[in-house]
Amino acid sequence: MRAAIGDRVIVEGTRPGVPRRDGKVTALHRPDGEPPWEVLWSDTGHSTLFFPGPDSRLHHFTRQAPSRQAPRPSVRPHPSSKTERSEQARPEEPTGGQEQAMPSNPGDLGRRVALRREQLGLSREQTAVRAGMAVRYLEYLETSPTAVERGALARLAAVLDTSVTQLLGGGLDLPPGRTSAAAHPVLEELARSECWERLSTDGVGRVALGTATGPIVLPVNYWVLDGTLIFRTAADGPLAATVGQRVAFEVDRIDEVLRTGWSVLATGDAHRIDDRPALAHLKQQDKPSPWAGGERDLWVRIKPTELSGRVIRTADDPTR
């Protein structure tokens, strides 16, 4: 069903007890007239974007007679600007007047939602259904800079096992672990096989080594290959001094929402990779690829002789 500017739209929830809402379409944001539509709600006077979802339906479109009065200005400007826009107008959750959540940088929210969803192996359809929102709205949220009603964002964060703050990109300039500990934390040792599982295939770790002026710890991108840890550095950089030395390599992860975390520590001698076939393979794969960029043509491998790990769980953790 399509709508035109000035059409009256009536929205009714499909679940018992959900009230009807009616309003007037004030803007069309796609050339074909398909959603999203900006609707001026007569019950609140607010203008919001409307995405038909599983809990609502549209019916009884009627063309309004032309009015000689000046059209009522929309509360929200056209979404081509970088201003706030609201989440879908669910009948039981009118978005007008509710607190809106805006990411720290336009576009961050959608990227973080999409990335977290992919990390959990969830499809867009599965995520939308569990969060109680229309699939087309979730698609719009992931691909367009937008503001979202706090309640909807909280449901989405719960589905994605994260927090509203993390989805909004807050706290990136602060160190992790600022939340208090769980009521009954449990500290356990990780088996060697579990340590390798936590290290996975790649990521960001920290290399610690001693120098003439004292110990230093620097972050590096690493890659796991045949039981070794490989990282790249500049030939004249401080990490070039690791070659021929015994070093420590540490990787950790903290989940502030679940108040859990883990840490893996590996120690071993660092060696320069000089084997030409091995170097050619690494260069071809561009592994590991350093985020800092620049010329980093020294590949170093660490063969761990000691590998240990710790994990913090909660007493009610179902994985225990």
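Residues numbered from 1 in each chain as written. Predicted model: local features only at pLDDT ≥ 70, side-chain atom pairs only at ≥ 80, totals over all residues. Heavy atoms only, no water.

**Let's talk about the nonpolar core**
Across soluble globular proteins, nonpolar side chains show a tendency to be buried alongside one another.
Then, number 1: Leu199, Leu229 and Phe249 are the most contacted members of the largest nonpolar core, which totals 24 residues.
Then, number 2: Listed by contribution, the elements that provide at least two residues to this core are α6 (192-199), β9 (202-211), β10 (214-225), β11 (228-233), β12 (246-255), β13 (260-272) and β14 (298-314).
Then, number 3: The contact partners of Leu229, leaving out residues within four places of it in the chain, are Trp196, Leu199, Tyr222, Trp223, Val224, Phe249, Ala266, Val300, Arg301, Ile302 and Pro304. (Core = buried A, V, L, I, M, F, W, Y, C linked by side-chain atoms within 4.5 Å. Buried < 20%, exposed > 50% of the residue type's maximum accessible area, 1.4 Å probe, protein only. Helix = DSSP H or I, 4+ residues; strand = E, 2+ residues; numbered from the N terminus. Contact = heavy atoms within 4.5 Å.)

**With respect to the pattern of salt bridges**
Then, number 1: A full pass over the atoms with the stated rule returns nine salt bridges.
Then, number 2: Among the salt bridges present, the one from Glu142 reaches Arg124, with a minimum N-O distance of 2.7 Å. Of the two residues, Glu142 is situated in helix α3 (residues 135-143) and Arg124 in helix α2 (residues 124-131); the sequence distance between them amounts to 18 residues.
Then, number 3: Overall, the relative accessible area of 23% leaves Arg124 in the partly exposed class. (Salt bridge = Lys/Arg side-chain N within 4 Å of Asp/Glu carboxyl O.)

**A few points about the pairing of β11**
Then, number 1: Across the six residues of β11, six count as buried, placing the element largely inside the fold.
Then, number 2: Going residue by residue along β11, you find Thr228, Ile230 and Arg232 tucked away on one face and Leu229, Phe231 and Thr233 tucked away on the opposite face as well.
Then, number 3: Sheet analysis places β10 next to β11, joined by four bridges and oriented antiparallel. Note on β11: the bridge partner recorded for Trp223 is Ile230.
Then, number 4: Linking β10 back to β11 in an antiparallel pair, the connection comprises two residues, with Asp226 at a positive phi of about 50°.
Then, number 5: In this structure, β11 lies alongside β14, joined through five bridges in antiparallel fashion. (Pairing = 2+ DSSP bridges.)

**Quick look at α2**
Then, number 1: For α2, the full list of buried residues reads Thr127, Ala128 and Ala131. For α2, the angular spread of buried residues about the axis comes to 95°, placing them on one side. α2 presents Val129 and Arg130 as exposed residues on the side facing more than 90 degrees away from its buried surface.
Then, number 2: Backbone geometry just downstream of α2 places Gly132 in the positive-phi region, at approximately 70°. (Arc of directions from axis to C-beta.)

**A word on unusual backbone geometry**
Then, number 1: Cis geometry marks the peptide bond from Lys287 to Pro288, where omega comes out at -15°.
Then, number 2: Along the polypeptide, Pro288 turns up in the loop between α7 (276-285) and β14.
Then, number 3: Unusually for a residue other than glycine, Asp161 sits at a positive phi of about 55°.
Then, number 4: Mapped onto the fold, Asp161 is located in the loop between α4 (150-159) and α5 (164-167).

**Thoughts on the side chain of Glu142**
Then, number 1: On the basis of relative accessibility, which here comes to 10%, the residue Glu142 falls in the buried class.
Then, number 2: Side chain to side chain, Glu142 and Arg117 meet in a polar contact 2.8 Å long.
Then, number 3: If sequence neighbours within four positions are ignored, Glu142 has contacts with Gly110, Arg111, Val113, Ala114, Arg117 and Arg124. (Polar contact = N/O pair within 3.5 Å; in protein donor to acceptor, adjacent residues only side chain to side chain.)

**A few points about the confidence of the model for the protein chain**
Then, number 1: Per-residue confidence for the protein chain gives a mean pLDDT of 75; residues scoring 70 or more make up 63%.
Then, number 2: Residue range residues 59-99 is modelled with pLDDT below 50. Its contacts to residues more than four positions away, or to other chains, number 107 contacts. (pLDDT = per-residue confidence, 0-100.)

**Section: the environment of Ala235**
Then, number 1: Mapped onto the elements of the fold, Ala235 is located in the loop between β11 and β12.
Then, number 2: Using a relative accessible area of 55% as the deciding quantity, one classes Ala235 as exposed.
Then, number 3: Each C-alpha atom, one on Ala235 and one on Trp299, is 9.1 Å from the other, the two residues being 64 residues apart in sequence.
Then, number 4: With residues up to four places along the chain from it excluded, the contact list for Ala235 reads Ala240, Asp297 and Leu298.

**Side note on the packing of α2 against α3**
Then, number 1: Direction vectors running N to C along α2 and α3 enclose 110°, while the axes themselves pass 9 Å from each other. Of the possible angle classes, the one that applies to α2 and α3 is roughly perpendicular. Viewed along their axes, α2 and α3 form a crossing whose handedness is right-handed. Residues Arg124, Glu125, Thr127 and Ala128 of α2 lie in contact with α3, whose contacting residues are Val135, Leu138, Glu139 and Glu142. (Axes fitted to C-alpha atoms, helices over the stretch in contact; angles between N-to-C directions. Parallel < 35°, antiparallel > 145°, perpendicular 65-115°, else oblique. Left-handed = near helix turned anticlockwise from the far one by under 90°.)

**Points about the packing of helix α1 (residues 108-119) against α3**
Then, number 1: Two elements in contact, α1 and α3, have axes separated by 6 Å at closest approach and are oriented at 115°. Judged by residue contacts, Leu109, Gly110, Arg111, Val113, Ala114 and Arg117 of α1 engage Leu138, Leu141 and Glu142 from α3.
Then, number 2: Of the residues assigned to the contact of α1 with α3, the class counts are five nonpolar, one polar and three charged. (Nonpolar A, V, L, I, M, F, W, Y, C, P; charged D, E, K, R; others polar.)

**A closer look at the pairing of β9**
Then, number 1: Bridge count between β9 and β10: 10 bridges; the pairing is antiparallel. By the bridge assignment for β10, Gly210 is matched with Pro215.
Then, number 2: Between β9 and β10, which pair antiparallel and follow one another directly, the connecting turn spans two residues.
Then, number 3: As paired strands, β9 and β12 are joined by three bridges and run antiparallel to one another. Note that in β12 the partner of Arg206 across the bridge is Glu250.

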